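Residue-level structural notes
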Amino acid sequence: MSSNDASRAIGKIVSVSADRLVVELHRGSDNFTVVGFDDVHYVATLGSCLIVPTQSEYVVLEVIGLREKDLSTAYETGPEMNKATAAKFLDVVPVGSMPVQEGLFKFGVSTFPPLYADALYARDEDLDRIFNVDQLAEDVTKADAQGEEKRGTVPHVFEIGTSAVFKNYPVKAQLDAFFGGHVAVLGNTGSGKSCTVASILQSVFIRAEEFKAIGASFVILDVNGEYRAAFENMPWHIYASYFKATRTAAEAEGIEEGYLGASLVERFLLPHWFMTVDEWVLLLRASEKTQQPVLKAALGLTTLFCEGSRSKEISETNGSLIDLQNHVLAKIILAILHDDSSIPSKEGRVLAVLQVFSTLEISRQTVKRGLYNDFGKFKDGDKINSAVNYEALLELLNSHVQDEPTLPAYGNVPFSFEYLQSALDLAILYEESNGNKQIREYCSQLVTRLKSVSDNPDFEFLRTPVGDIEQHCRESGYFVDRLLGIEPSGKEYVKERQICIIDLNDASDEIVELVSAVVSRLIFDRLRYAIPRNRMPVHLVLEEAHRYISERSSRFAIDASVIFHRIAKEGRKYGAFLMVASQRPSELSKTVLSQCNNFIVHRIQNPDDLSQIRQMTPFISETVLKRLPSLPKQHALIFGSAVKIPTTFRVRDACPKPNSDDTQIRDLWYIPENPKLDWSL
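Residues numbered from 1 in each chain as written. Predicted model: local features only at pLDDT ≥ 70, side-chain atom pairs only at ≥ 80, totals over all residues. Heavy atoms only, no water.

The number of helices and strands found in the chain is 22 helices and 30 strands. Going through the 681 residues of the chain one by one, you find that 49% of them count as buried. Within the chain, residue pairs in contact and separated by at least 24 positions form 70% of the contacts whose partners lie at least 6 positions apart. (Helix = DSSP H or I, 4+ residues; strand = E, 2+ residues; numbered from the N terminus. Buried < 20%, exposed > 50% of the residue type's maximum accessible area, 1.4 Å probe, protein only. Contact = heavy atoms within 4.5 Å.)

Within strand 27 (residues 576-582), seven of the seven residues are buried, which leaves the element mostly enclosed by the surrounding structure. Burial along strand 27 is two-sided: A576, L578, V580 and S582 facing one way and F577, M579 and A581 facing the other are all buried. Inspection of the sheet shows strand 14 (residues 182-186) paired to strand 27 by four bridges, in the parallel sense. From the neighbouring strand, L186 faces strand 27, where its bridge partner is S582. (Pairing = 2+ DSSP bridges.)

Next up on the list: the packing of helix 10 (residues 343-356) against helix 13 (residues 417-433). Where helix 10 contacts helix 13, the two axes come as close as 11 Å, and the packing angle between them is 135 degrees. As judged from the angle between their axes, helix 10 and helix 13 are oblique. Seen along the crossing, helix 10 lies across helix 13 with a hand that is left-handed. Of the residues in helix 13, those touching helix 10 at R349, V353 and V356 are Y419, S422, L426 and L429. Classifying every residue of the contact of helix 10 with helix 13 by side-chain character gives five nonpolar, one polar and one charged. (Axes fitted to C-alpha atoms, helices over the stretch in contact; angles between N-to-C directions. Parallel < 35°, antiparallel > 145°, perpendicular 65-115°, else oblique. Left-handed = near helix turned anticlockwise from the far one by under 90°. Nonpolar A, V, L, I, M, F, W, Y, C, P; charged D, E, K, R; others polar.)

The next thing to look at is a nonpolar patch on the surface. A cluster of nonpolar side chains, contributed by V16, F112, L115 and Y116, occupies part of the molecular surface with about 370 Å² of accessible area. Within the secondary structure, F112 is located in the loop between strand 8 (106-107) and strand 9 (118-121). For F112, a relative accessible area of 31% corresponds to the partly exposed category. (Patch = residues over 30% accessible without salt bridge, like charges linked within 9 Å, V, L, I, M, F, W, Y side chains within 5 Å. Areas by Shrake-Rupley, 256 points an atom, 1.4 Å probe, with all protein chains shown as cover. Salt bridge = Lys/Arg side-chain N within 4 Å of Asp/Glu carboxyl O.)

Next up on the list: the confidence of the model for the chain. A low pLDDT score tells you not to read the predicted coordinates there in detail. With 82% of its residues at a pLDDT of at least 70, the chain reaches an overall mean of 82. Long-range and interchain partners of residues 308-318, a stretch whose pLDDT sits below 50, account for 20 contacts in this model, where long-range means more than four residues apart. (pLDDT = per-residue confidence, 0-100.)

This brings us to the nonpolar core. Core analysis: the largest hydrophobic core is formed by 117 residues, its most contacted members being F268, W280 and L542. If we skip the residues at most four places from it in the chain, W280 touches H272, M275, L295, L299, Y410, F415, F417 and L420. Counting residues in each nonpolar core, the second largest holds 39 residues, with F205, I220, A636 and A642 among its members. (Core = buried A, V, L, I, M, F, W, Y, C linked by side-chain atoms within 4.5 Å.)

Each α-helix winds once per 3.6 residues, and so residues spaced three or four apart point in a common direction. Of all the positions in helix 3 (residues 124-131), only D126, L127, R129, I130 and F131 are classed as buried. At its buried positions, helix 3 is contacted by strand 5 (49-53), strand 6 (57-69), strand 7 (87-99), strand 9 and strand 30 (647-651). Where helix 3 terminates, the next one or two residues include N132, which has phi positive at roughly 60 degrees.

Let's shift gears to the packing of aromatic side chains. Following the criterion strictly, the structure yields 17 aromatic pairs and no others. Between F158 and F179, the aromatic rings sit 5.3 Å apart at their centres with planes inclined by 35 degrees, giving tilted as the arrangement. Pair noted here: F158 is in strand 12 (residues 157-163) and F179 is in helix 4 (residues 175-179), with a separation of 21 residues, a long-range link. A ring pair is formed by F178 and F179, whose centres lie 5.0 Å apart and whose planes are at 75 degrees; its orientation type is edge-to-face. Taking the relative accessible area as the measure of exposure, F179 reaches 9% and is therefore buried. An aromatic cluster of at least three residues, connected via ring pairs, comprises F158, F178, F179, F205 and F218. The ring of Y242 has R228 lying over it, and the distance from NZ or CZ to the ring centre is 4.2 Å. (Phe/Tyr/Trp six-rings, centres within 6.5 Å; stacked < 30°, edge-to-face > 60°. Lys NZ or Arg CZ within 6 Å of the ring centre and 35° of its normal.)

On to the environment of G108, then. Structurally, G108 is set in the loop between strand 8 and strand 9. On a C-alpha basis, the gap between G108 and V59 in space is 9.4 Å, while along the polypeptide they are 49 residues apart. Not counting residues up to four positions away in its chain, the partners in contact with G108 are V95, G96 and S97.

Mapped onto the fold, L426 is located in helix 13. Given a relative accessible area of 2%, L426 falls into the buried group. When the C-alpha atoms of L426 and V356 are compared, they prove to be 9.7 Å apart, with 70 residues separating the residues in sequence. Once residues within four sequence positions are removed from consideration, L426 is found in contact with L301, F305, V328, I332, V353 and F357.

Let us now look at the side chain of S433. Within the secondary structure layout, S433 lies in helix 13. Taking the relative accessible area as the measure of exposure, S433 reaches 16% and is therefore buried. A distance of 2.5 Å separates a polar atom in the side chain of S433 from the backbone oxygen of Y430. Discounting chain neighbours no more than four positions away, the residues touching S433 are K331, I332 and A335. (Polar contact = N/O pair within 3.5 Å; in protein donor to acceptor, adjacent residues only side chain to side chain.)

Shown next as structure tokens:
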């Protein structure tokens, strides 16, 4: 051991076991304070660090307990303990090692320190190596939008707060490791999760160096309406989009669309034709054996009869779309004409179908001319009116019937909600024409559910009229680009906004689940097909994630966990990352939590939630986990790939703060008589 190390020795290891070591401090001190040549060190703080020099490296120890034992005889001390002569012990556990001269800390140890090895207090430079914060910003040269070379710095780490153990010592996380994986921010309500998320994002954007985080993309699903206040006063080079989800168009009138500071304010609309077949199935709760095939057929019919489909070809085997249109209509009309209902009923049903769906060959006018009612029967007209020919109509319809053709799949083509209702009825008629006479009864709940969604004002944001959206906005790719702040500029794209906040404060749990699932899937699909891939990372910030990423199946419309499971397992390949914030980790999907690389855990008191944390963190000492129920507000434990050692820290102040302050009961209750209230309903 060098003379420098010898001057820092505070005691020796007197006990070594598999789960802990014991350090006995040197005698002669009446407390646990050590006066070093560089500073005064109080080594008795739980969570503080000691280092033990071995032949080739330092072993880093974490203090998990402290105790005293009086070694004096009773007649020497009297009734009180002699602090000066009492033996003082620190219970410690090894957490990692680092080279003696240079090099960073490595978590985990392969060899325990020997008995009677010297224990040293840790200096600031030792802490820098342990916490891996001595990486300086990197000087790089990059081309700007005009192609000119610009030189600037790119950071390796960012500050998240100050240590709760080492006074005023900054706690930093590695930028690539933190944002290059999924993150979980957990803690009871009121423990500071929202401020932590806002502080982390603000620390990324508020930099004085030449290069800014202009390429970042954060999409925040703000279910409590908290984050707008936190990002309204961002630096000039950072812009945000703010989308407000409302129940009705009348409520949307209160939203002043346009720019507010650096934020783009809009009403949130999610065109229903962006949804996949599986999302429609879950939204309408279609049963697997009977209702799902009919719903898929109905969605396929919206594609089949969409505007302009006459000029589209789908395959050589199925023929053109117009042939399939004529086949569907002909088969349905023939089935109606040959059933047992009355003649007026048949005529009314046929004409009702053709009122919505028709072709040039089978139109309302063409069919109506062949329906001549002669005393309760369809017959040919008299010889004078040769245009009325029932037999010719039957021959025409039969000529368009094909042998078991395959209907086209749902193609996400714009259509109205009312059109889908008509398409569902057409699909039921088509199934009846194939001999399934009970299908209407089996699908009655599906029809009712679709009508409920169509009439419910909560779903107005989803029932987007096709005519209200410009032609270039009807594709899902453009919708995602707007969320990510990407705008086309000639043949290229430019990044105009870095933050997107979708305010779902007014939405029910069912709406939150639907929006989170569809928006996340659209973003994930956009990144999967981007060329080259993994060049534009997107971080989905999911507030109150237990509401829509549950371990148990959802009782609402759509099980959002399905898409989040896929993003958690595959998102890293394409640059899709999750930042999950929740107050109930025991209710969160274990699949999503298992894929998180970094955890920030605030105060947690519920036994089930604490048990879940213990299962996720087998390498963290029980002493650290026992401190979670007593962590003060704005304090948290961080562990994962972004930090070398689990660390308890005070979160950096968010400025400005999100709108999530605690209720000031005393100030709001005890007020003068007849007060003037500063709020309204």
